[in-house]
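Chains, contacts and geometry: an overview
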Amino acid sequence: MKFTFIPELFRQLFSKPYTNLFPVKYAPASIKETLEKVEKGEIKITPPVEIPDKETFRGKIQYDREKCIGCRLCIKVCPAKAIEFKEEEKKIRIYVGRCIFCGQCVEICPKNALSQGEEFLMADTNKVNENWIVE
Amino acid sequence: MKYEIPIGPIHPALKEPILLQLTVEGEEIKDVDVIASQNHRGIEWIGMNRNNPVQSIYIAERICGICNISHPAAVILAVEEAMNMDVPDRAQYIRVIQCELERIHSHLLWAGVAAHEIGFDSLLHYTWKVREKVMDILELVNGNRVTKAIMMYGGVRRDIKKEHIPKIKKMLEYYKEGFDKLAKFFLEDKTIEMRTRNVGILTKEDALKLGAIGPTARASGVKKDVRQDQPYFAYPDFDVKAITPDMFTGEVVGDTYDRIVVRLLEVKQSVEIIERALDELPSGDILAEPKLVKLLMDLKKAEGEGVGRHEAPRGEVIHYVKLKKDFEPFFSWKVRAPTYSNIMSWIPMLKGCQIADVPIVAASIDPCISCTNRVIRINNDGKREIIGGDELHRLSVKKTKRLLEGGS
């Protein structure tokens, strides 16, 4: 019986960090200023981790208004009740804040009006922000 | 001098709400009482009242975040039994692969938590680093890391793509090579041996008497595994054998150490099953009824009842479903999560331990406490009766009045 983990600990001292890198190495004094500088191209940030497979990835829902025929099938199967029907226009409105990204509506849509994109970084403090309502 | 120490409902040693009432004499635990049902979520109620069966798959997925294949697997098994549905072979194989991927990630997650509970955090980080490989594969194959949304009545929703298979095989190689290293860290390390050997012993008799299931029972030498006893999906082709610790150490003690042994060996077993399943993956359809609208109609017309039994990473999960004609939601839905059967084994395990052993012993059954708390609906002369908030408040006011008047 011995401490078998100790050699691994020493090995880890000299290996690269396994975790994904943060956008910047140290927390900046002002996030706003940093973002402005990034826009101008003065500094570079570590890009987000790439999506492994864009075909299978289930990101933010995308809605093609023109294709939609207002059949309400998506509303019927949505487990989170994230989809609302707009009576006058016969179109739908999706609240991404409630969406659970299961893709069931995409599967049932007879006209392929719905699809799932690549966007997944959508954290916000405002429940009804524009970014979270797809219509 | 005896003292009573309550641990929970909210306590740093427990990740989820449950109350352990310990009677201690000095450091030694003399008696234990477990008080469950501290958290009620009403999931079955939603399945029986608000959701149609397709929506219920996703609510089942959210009964437990870690067993998010196991609960849908059990619910679809139950519904398929009720509807007499035939599932294509390819779908059955994909289901097996998904279930085993889940077992790998769940057991590694547990191993990390166990290391954390005894204060061995560097091993926790190492184990979870190893676990990341399977999570990457889950993301690649399913489109996201945690809730995979892949189960569907009569098959699976997404196929395994050809170009993903080499990547999955690479991951399996990684685990095969890494297994010996992981086993060395967990099973030969002095720290883990000191804290887990002869701690929290559950004898074979107690395990049988208390109806323990899953790795908890197998670590006590009970050869019990749904994949072996009542194979479902494509498991009959794989001839799975229940793993007991004597396969590795040569003896069965039934302590926390044995539970680590069983879980690590199961990771190895899962890797072998996935490898075979990928090699023997039959071609064909992945859904018995590809038209979802028609499936929903069929589900509405169906009548019957079924029981789904699935070997989740924590043990056997059972779902009972009853379907009634022209009644869209499940007419009846009962979930029995594995922790429900295992929770009572805490009592013989904890007796004689020290208070400091509570976190590791409690964690050793891999408890999923919020999953176990279920709805109890009272039938009054066959009529459905649901007590709402107002009614409860009225009863409460009544009791206060009664107490004020000197009643009980």
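Residues numbered from 1 in each chain as written. Chains lettered and ligands numbered in written order. Predicted model: local features only at pLDDT ≥ 70, side-chain atom pairs only at ≥ 80, totals over all residues. Heavy atoms only, no water.

**Section: the overall build of chain A**
If you tally the helices and strands in chain A, you get 4 helices and 5 strands. Its C-alpha radius of gyration of 22 Å places chain A more than 25% over the 14 Å reference for a compact globule of 135 residues. Along the first, second and third principal axes, the C-alpha atoms of chain A reach 70 × 50 × 25 Å. For chain A, with 135 residues in total, the buried portion stands at 33%. Relative to all contacts within chain A whose residues are 6 or more apart in sequence, the contacts with residues 24 or more apart total 59%. (Helix = DSSP H or I, 4+ residues; strand = E, 2+ residues; numbered from the N terminus. Rg over C-alpha atoms; globule rule 2.2 N^0.38 Å. Buried < 20%, exposed > 50% of the residue type's maximum accessible area, 1.4 Å probe, protein only. Contact = heavy atoms within 4.5 Å.)

**Quick notes on the packing of aromatic side chains**
Here the structure, examined in full by the defined rule, presents 11 aromatic pairs over all chains. Geometrically, the ring pair formed by Tyr174(B) and Tyr175(B) is edge-to-face, given 5.5 Å between the ring centres and 75 degrees between the ring planes. Look at Tyr232(B) and Tyr235(B): their rings are 5.1 Å apart centre to centre, the planes differ by 70 degrees, and that puts the pair in the edge-to-face class. Like Tyr235(B), Tyr232(B) is buried. Three or more aromatic residues joined by ring pairs form one cluster here, namely Phe5(A), Phe120(B), Tyr126(B) and Phe185(B). Its guanidinium or amino end placed over the ring of Phe85(A), Arg72(A) lies 4.1 Å from that ring's centre, counting from NZ or CZ. Directly above the ring of Tyr174(B) sits Lys133(B), whose terminal nitrogen or CZ lies 5.0 Å from the centroid. (Phe/Tyr/Trp six-rings, centres within 6.5 Å; stacked < 30°, edge-to-face > 60°. Lys NZ or Arg CZ within 6 Å of the ring centre and 35° of its normal.)

**Description of the interface of chain A and chain B**
Taken together, the contacts link 29 residues of chain A with 41 residues of chain B. Buried surface at the junction of chain A and chain B, both sides included, amounts to about 3,100 Å², of which 54% is carbon and sulfur. At the boundary of chain A and chain B, one finds 5 salt bridges. One salt bridge connects Lys181(B) with Glu8(A), and the closest N-O pair in it is separated by 3.3 Å. Between chain A and chain B we count 23 residue pairs in polar contact (both at pLDDT 80 or more) in total. Elements with a minimum of two residues in the side of chain A that touches chain B: helix H1 (6-13), helix H3 (73-77) and helix H4 (104-108) of chain A. Among the residues making up the side of chain A that touches chain B, the classes are represented as 15 nonpolar, 5 polar and 9 charged. (Buried area = accessible area lost by both parts, 1.4 Å probe. Salt bridge = Lys/Arg side-chain N within 4 Å of Asp/Glu carboxyl O. Polar contact = N/O pair within 3.5 Å; in protein donor to acceptor, adjacent residues only side chain to side chain. Nonpolar A, V, L, I, M, F, W, Y, C, P; charged D, E, K, R; others polar.)

**Here we look at a positive patch on the surface**
Where like charges cluster on the molecular surface, the positive patch consists of Lys81(A), Arg98(A), Lys127(A) and Arg50(B). Within the secondary structure, Arg98(A) is located in the loop between strand S3 (91-95) and H4. (Patch = residues over 30% accessible without salt bridge, like charges linked within 9 Å, V, L, I, M, F, W, Y side chains within 5 Å. Areas by Shrake-Rupley, 256 points an atom, 1.4 Å probe, with all protein chains shown as cover. Lys, Arg positive; Asp, Glu negative; His and termini not counted. Charge placed at Lys NZ, Arg CZ, Asp CG, Glu CD.)

**Examining the sheet that holds S3(A)**
Working definition: the strands of a sheet are paired by backbone hydrogen bonds and lie parallel or antiparallel to each other. Residue and element names in this part refer to chain A. Pairing within the open sheet is antiparallel, and its 3 strands lie in the order S2-S3-S5. With partners counted over all chains shown, the strands left at the sheet margins are strand S2 (83-86) and strand S5 (133-134), one partner each. Of the strand pairs in this sheet, S2 and S3 are connected by 4 bridges, and their pairing is antiparallel. Across the sheet, residue Glu 84 finds its bridge partner in S3, namely Arg 93. (Pairing = 2+ DSSP bridges.)

**Quick look at the domain arrangement of chain B**
Residues and elements named next belong to chain B. If you check the domain split of chain B, you get domain 1 (2-40 + 342-404) and domain 2 (43-279). Just the C-alpha atoms count here: the centres of domain 1 and domain 2 sit 27 Å apart. Between domain 1 and domain 2, the contact holds 24 residues from the first and 26 residues from the second. Both faces considered, domain 1 and domain 2 share a buried interface measuring about 2,200 Å² in area, 59% of it formed by carbon and sulfur atoms. For the pair domain 1 and domain 2, the interface holds 1 salt bridge. Between Asp 357 and Arg 195 there is a salt bridge whose closest N-O contact spans 3.3 Å. For the pair domain 1 and domain 2, the interface holds 7 residue pairs in polar contact (both at pLDDT 80 or more). Counting only elements with at least two residues in the side of domain 1 that touches domain 2, the list comes to helix H15 (346-350) and helix H16 (358-364). Ranked by residue count, the leading element in the side of domain 1 that touches domain 2 is H16, at 5 residues. Along the lines of polarity and charge, the residues of the side of domain 1 that touches domain 2 split into 15 nonpolar, 3 polar and 6 charged. (Domains from an automatic or database assignment.)

**Focus: the confidence of the model for chain B**
Looking at chain B as a whole, the pLDDT averages 86, with 92% of positions reaching at least 70. Considering only residues more than four positions removed or in separate chains, one finds that residues 374-380 of chain B, a stretch of pLDDT under 50, has 18 contacts. (pLDDT = per-residue confidence, 0-100.)

**Some remarks on the sheet that holds strand S2 (residues 19-25) of chain B**
Residue and element names in this part refer to chain B. Spatially, 3 strands are ordered S1-S2-S3 in an open sheet, and the strand pairing comes out antiparallel. Both edges of this open sheet fall to strand S1 (2-7) and strand S3 (28-35), since each of them pairs with a single strand only. Strand-to-strand, the axes of this sheet are offset by a mean angle of 20 degrees, without reference to chain direction. Note that S2 and S3 share 7 bridges and pair antiparallel. In the strand pairing of S3, Gln 21 is matched with Asp 33. (Axes fitted to C-alpha atoms, helices over the stretch in contact; angles between N-to-C directions.)

**Some details on unusual backbone geometry**
Positive phi, close to 50 degrees, is recorded for Lys81(A), a residue that is not glycine. Among the secondary structure elements, Lys81(A) is positioned in the loop between H3 and S2. Its identity is not glycine, yet Asn198(B) carries a phi of approximately 60 degrees, on the positive side.

**Section: the pairing of strand S7 (residues 315-324) of chain B**
Residue and element names in this part refer to chain B. Two strands pair when backbone bridges link them, and strand S6 (residues 304-312) and S7 are joined in this way by 9 bridges, in the antiparallel orientation. Looking at the pairing, Val 307 lines up with Tyr 320 of S7. Here S6 hands over to S7 after 2 residues, the two strands then running antiparallel side by side. What sits between S7 and strand S8 (residues 327-336) in their antiparallel hairpin is a turn of 2 residues, with Asp 326 showing a positive phi close to 60 degrees.

**A closer look at the packing of helix H5 (residues 121-142) of chain B against helix H6 (residues 165-187) of chain B**
All names here are of chain B. Relative orientation of the contacting elements H5 and H6 amounts to 165 degrees, with a least axis distance of 11 Å. In terms of orientation, H5 lies roughly antiparallel with respect to H6. Crossing geometry of H5 relative to H6 is assigned as left-handed. Mapping the contact onto sequence places Leu 123, Tyr 126, Thr 127, Val 130, Arg 131, Lys 133, Val 134, Ile 137, Leu 140 and Val 141 in H5 and Lys 167, Ile 168, Met 171, Tyr 174, Tyr 175, Lys 181, Leu 182, Phe 185 and Phe 186 in H6. Broken down by class, the residue content of the contact of H5 with H6 amounts to 14 nonpolar, 1 polar and 4 charged. (Parallel < 35°, antiparallel > 145°, perpendicular 65-115°, else oblique. Left-handed = near helix turned anticlockwise from the far one by under 90°.)

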